[in-house]
Amino acid sequence: MIKVLPPSISNLIAAGEVVQRPASVVKELVENSIDALAENITITIEDSGRTLIRVTDDGCGMSPEEAKICFERHATSKISSATDLTSIMTYGFRGEALASIAAVSEVRLTTRSKNDETGSRTVFRESVMTSQEEVAAPVGTDIQVCNLFYNVPARRKFLKSDASEWRQILGEFSRVALCRPEVALRLVHNKKEVFNLHSVRNVKQRILDLEGKDLHKELLDVDTTTSIVSVSGFVGRPESARKRSGFQYFFVNGRFFKSPYLHKAVMKAYENLIPEDAAPSYYLFFETDPTTVDINIHPAKTEVKFEAESDVFTIVQAAVREALGNGSFMPSIDFEHNQYPDVSADFPRDRVPQMPKVKIDPSFNPFKTAPREDMDFIDTLPPEPVKGYSKIFEDSYSGSPLLVIAGRYIVTPIRSGMMVVHIRRAKERILYDRYLRSLDEASPISHQAMFPCSIALSPEQNSLLTENANALPALGFCVEFTEEGGLNVLALPEGYCSSEEGAKKAIEDLCAIFAESPSNQMLRAEVRHGIALKMAQSATRNSSYKNLSHTEAQLTIDTLFACPGNEYAPGGGRCFCTINEKDIDSRLS
Ligand code: ADP
Ligand code: MG
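Residues numbered from 1 in each chain as written. Chains lettered and ligands numbered in written order. Predicted model: local features only at pLDDT ≥ 70, side-chain atom pairs only at ≥ 80, totals over all residues. Heavy atoms only, no water.

Caption draft 1: The arrangement of the overall build of the chain in detail. When helices and strands are tallied, the chain shows 16 helices and 24 strands. If you take every contact in the chain between residues at least 6 apart in sequence, the share linking residues at least 24 apart comes to 68%. Of the roughly 28400 Å² that the chain leaves accessible, carbon and sulfur atoms contribute 52%. (Helix = DSSP H or I, 4+ residues; strand = E, 2+ residues; numbered from the N terminus. Contact = heavy atoms within 4.5 Å. Areas by Shrake-Rupley, 256 points an atom, 1.4 Å probe, with all protein chains shown as cover.)

Caption draft 2: Spotlight on the pairing of strand 19 (residues 409-414). When strand 18 (residues 403-405) meets strand 19, the two strands line up antiparallel, connected through three bridges. Looking at the pairing, Ile405 lines up with Tyr409 of strand 19. Adjacent in sequence and paired antiparallel, strand 18 and strand 19 are bridged by three residues, among which Ala406 carries a positive phi angle near 55 degrees. Here six bridges tie strand 19 to strand 20 (residues 417-422), and the two strands are oriented antiparallel to one another. (Pairing = 2+ DSSP bridges.)

Caption draft 3: Summary view of the nonpolar core. The biggest cluster of nonpolar side chains holds 57 residues, and the ones touching the most others in it are Leu29, Ile41, Ile43, Phe173 and Tyr283. Of the residues forming this core, the biggest block, eight residues, is contributed by helix 6 (residues 162-179). Here Phe173 is in contact with Ile43, Leu185, Arg186, Leu187, Phe195, Leu197 and Leu210, once residues within four sequence places are set aside. (Core = buried A, V, L, I, M, F, W, Y, C linked by side-chain atoms within 4.5 Å. Buried < 20%, exposed > 50% of the residue type's maximum accessible area, 1.4 Å probe, protein only.)

Caption draft 4: Region of interest: helix 9 (residues 309-326). Its 18 residues give helix 9 an end-to-end C-alpha distance of 26 Å, which sits within 8% of 26 Å, the value for a rise of 1.5 Å per residue. When you tally the buried positions in helix 9, you get 14 out of 18 residues, the bulk of the element. (Expected span 1.5 Å × (residues − 1).)

Caption draft 5: Geometry of the side chain of Asn253. As for its placement among the helices and strands, Asn253 is situated in the loop between strand 11 (248-252) and strand 12 (255-257). A polar atom in the side chain of Asn253 sits 2.9 Å from the backbone nitrogen of Thr288. Setting aside residues up to four positions removed in sequence, Asn253 forms contacts with Phe286, Glu287, Thr288, Pro290 and Val293. (Polar contact = N/O pair within 3.5 Å; in protein donor to acceptor, adjacent residues only side chain to side chain.)

Caption draft 6: Local environment of the pattern of salt bridges. In total, this model carries 16 salt bridges according to the counting rule given. Close ionic contact of Glu172 with Arg175 constitutes a salt bridge, the shortest N to O distance being 3.5 Å. Linking Glu172 with Arg175, this pair stays in helix 6, spanning three residues, or about one helical turn. In this structure, Arg180 engages Glu182 in a salt bridge whose closest nitrogen and oxygen atoms are separated by 3.9 Å. Take Arg180: its relative accessible area is 21%, and that puts it in the partly exposed class. Judged by relative accessible area, Glu182 falls into the partly exposed class, the value being 41%. (Salt bridge = Lys/Arg side-chain N within 4 Å of Asp/Glu carboxyl O.)

Caption draft 7: Seen up close, the sheet that holds strand 7 (residues 184-189). Pairing within the open sheet is mixed, and its eight strands lie in the order 5-4-3-6-2-1-7-8. The open sheet terminates on both sides in strands that have one partner only, identified here as strand 5 (128-135) and strand 8 (192-197). On average, each strand axis in the sheet is tilted by 10 degrees relative to the strand beside it, whichever way the strands run. Packing of helix 2 (residues 22-35) onto the sheet brings it into contact with strand 1 (40-46), strand 2 (52-57) and strand 6 (140-146), and relative to strand 2 it is tilted by some 10 degrees. Across the sheet, helix 7 (residues 203-211) touches strand 7 and strand 8, and the angle it forms with strand 8 is around 165 degrees. (Axes fitted to C-alpha atoms, helices over the stretch in contact; angles between N-to-C directions.)

Caption draft 8: Highlighting the environment of Ser232. The topology assignment puts Ser232 in strand 10 (residues 230-236). A relative accessible area of 30% places Ser232 in the partly exposed class. For the pair Ser232 and Phe286, spaced 54 residues apart in sequence, the C-alpha separation works out to 6.6 Å. Once residues lying within four places of it in the same chain are set aside, the contact partners of Ser232 are Val222, Asp223, Tyr283, Leu284 and Phe285.

Caption draft 9: Up close: the environment of Ile169. Counting through the fold element by element, Ile169 comes out in helix 6. Here Ile169 falls in the buried class, since its relative accessible area comes to 0%. Along the chain, Ile169 and Lys27 lie 142 residues apart, while their C-alpha atoms are 8.2 Å from each other. Excluding residues that lie within four positions of it along the chain, Ile169 makes contacts with Pro22, Ala23, Val26, Ile45, Ser48 and Gly49.

Caption draft 10: Looking closely at the packing of aromatic side chains. Within this structure, the stated rule accounts for 15 aromatic pairs. Ring plane angle 20 degrees and centroid distance 5.4 Å describe the contact between Phe250 and Phe257, whose orientation is recorded as stacked. Comparing Phe250 with Phe257 shows no difference in burial state: the two are buried. A centroid spacing of 5.8 Å and a plane angle of 55 degrees characterise the contact between Phe257 and Phe286, whose relative ring orientation is tilted. Note that Phe257 is positioned in strand 12 and Phe286 in strand 13 (residues 282-287), a separation of 29 residues in sequence. (Phe/Tyr/Trp six-rings, centres within 6.5 Å; stacked < 30°, edge-to-face > 60°.)

Caption draft 11: Highlighting the sheet that holds strand 10. Read from one edge to the other, the open sheet built from five strands follows the order 9-10-13-11-12, with strand pairing classed as mixed. The sheet terminates laterally at strand 9 (219-225) and strand 12, the two strands that pair on one side only. Strand-to-strand twist across the sheet, computed as the mean angle between neighbouring axes with direction ignored, equals 20 degrees. In terms of strand pairing, strand 11 meets strand 12 through three bridges, oriented antiparallel.

Caption draft 12: Region of interest: unusual backbone geometry. The backbone of Ser48 shows a phi angle near 50 degrees, a positive value even though the residue is not glycine. If you trace the backbone, Ser48 turns up in the loop between strand 1 and strand 2. Here Ser48 falls in the buried class, since its relative accessible area comes to 2%. The backbone of Ala406 shows a phi angle near 55 degrees, a positive value even though the residue is not glycine. Taking the relative accessible area as the measure of exposure, Ala406 reaches 51% and is therefore exposed.

Pasting the structure below:
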């Protein structure tokens with residue numbers, strides 16, 4: 001028998017699409033405030049949004065009549081005809097968000113339109129208005145969403161840990177903050193102010209307010225206009241690329257979107273300039289004719305589709321290349337100007353723009369310009385009881401000479417010829433084994449004490465570290481969380497330089513690792529393997545061993561051959577090879 005679902009149930013079903021988690025409510029409410037032309041928005045969260053999500057704005061507000069109907073499905077003030085759909089510039093236009101939110105929470109709406117003397121307070125439960133009264137209120141809107149999913153226990157159970165839901169909220173907050181620098185935004189969680197962002201004139205200032213003033217030196221301007229799209233914003237210098245996915249943003253016409261396709265365009269521009277497993281930061285803002293980009297997609301999704309997708313790819317790649325080329329640190333990139341993709345207004349749509357020919361000096365390596373001395377950890381290794389030497393090593397003459405070549409290899413004679421050790425891989429193997437052992441045994445790894453230093457943390461980093469606080473000692477970290485949400489670092493795992501710089505790097509690496517690992521799963525074998533591997537790789541990345549002393553070289557070899565599985569680095573590649581007399585003979589014949 002076919003039945004028409006009662007509205008209470010159909011609302012619930014539809015709500016599942018728009019409201020997946022507290023962060024989706026934050027997004028919808030803040031977007032509504034911006035659509036209402038608010039200049040100041042305050043977001044108040046309790047318990048990562050489970051108990052309360054409240055958004056207060058000074059926008060245009062609603063009349064009591066509007067307040068009654070705004071929670072009805074397809075109630076919107078933003079479109080009235082089908083042609084409006086193609087040129088939509090506001091965030092919302094379906095009139096679905098408030099109806100969906102009201103279906104799965106208890107909502108109180110206090111609002112006053114600028115045309116009214118007094119305001120109204122309207123209360124909804126299960127999509128039904130339970131009361132409305134006249135109240136004194138400032139012009140604007142204050143929506144409180146309480147006890148999200150109280151009536152859908154399955155969805156409530158489906159929510160992730162508090163820390164993880166909170167990070168999603170931080171993510172939504174950052175996206176809105178970045179596309180609306182002119183709007184003042186405040187975020188309060190459990191009565192603590194997390195952000196208080198003033199209205200600023202440009203995106204760069206907003207980025208610095210949001211992500212830390214340190215970023216100032218790292219950003220390069222992007223600014224390109226073509227007939228298809230204009231791209232502006234910032235990209236990070238190659239040296240500051242990190243293993244972190246949080247600082248990568250695309251916006252089109254003021255709307256955040258994800259695009260693995262255009263991400264590839266950016267990555268292509270950085271080819272050969274950053275390590276393979278690192279990603280640059282970028283904040284790229286596209287402006288285009290709204291009819292050439294499809295945003296009329298699923299409300300909870302963030303993909304958009306450009307009509308001229310492959311042209312946009314080429315333009316992004318060229319724009320980023322140009323920004324990198326303009327950075328004075330990279331004199332070896334040289335554009336042939338005439339080859340820039342067509343930027344004239346009469347650019348024919350059917351012609352794919354050509355990539356500019358870029359000359360790259362293949363020997364240029366941005367990491368070489370700043371040699372890192374922070375990898376001299378080997379001094380701090382406790383002397384190991386050396387056992388289990390492999391056959392090859394027994395063959396080497398004791399006290400035989402060791403040569404460091406190209407800052408990368410140790411060469412030493414062995415009975416049958418010579419052995420070449422890949423220093424970085426050897427160190428990766430050594431550190432991996434140590435990290436893994438201390439994680440497996442849950443015993444503190446030997447760490448290097450240092451002068452305590454204080455590190456500022458982003459709210460996201462703070463959340464990741466507190467959530468995984470119990471794993472820190474086993475990894476060799478000794479830290480204290482400060483009242484202000486920062487961190488005092490007292491000791492670091494071996495492998496990291498015991499300086500403020502080293503501490504920052506270690507903490508950043510660790511946050512990147514935690515962000516990728518499922519939370520509270522530190523005890524699972526593959527998670528431990530992943531952590532040990534990533535830490536070993538990041539501690540040895542970009543290191544130069546030009547000044548490796550004889551003792552250090554000897555200790556590296558000794559320690560490597562005491563590791564089981566010493567032939568290969570955990571991240572891949574041989575740690576050493578041998579070249580025998582025959583090989584030498586054949587090369588000389
Ligand atoms: P949409 O944003 O798609 O129009 P919503 O369900 O999000 O649909 O909102 C419904 C309507 O309620 C909006 O079109 C707008 O008229 C009104 N509204 C919602 N939030 C606000 C606000 N903060 N200030 C003023 N009006 C609002
Ligand atoms: Mg809306």
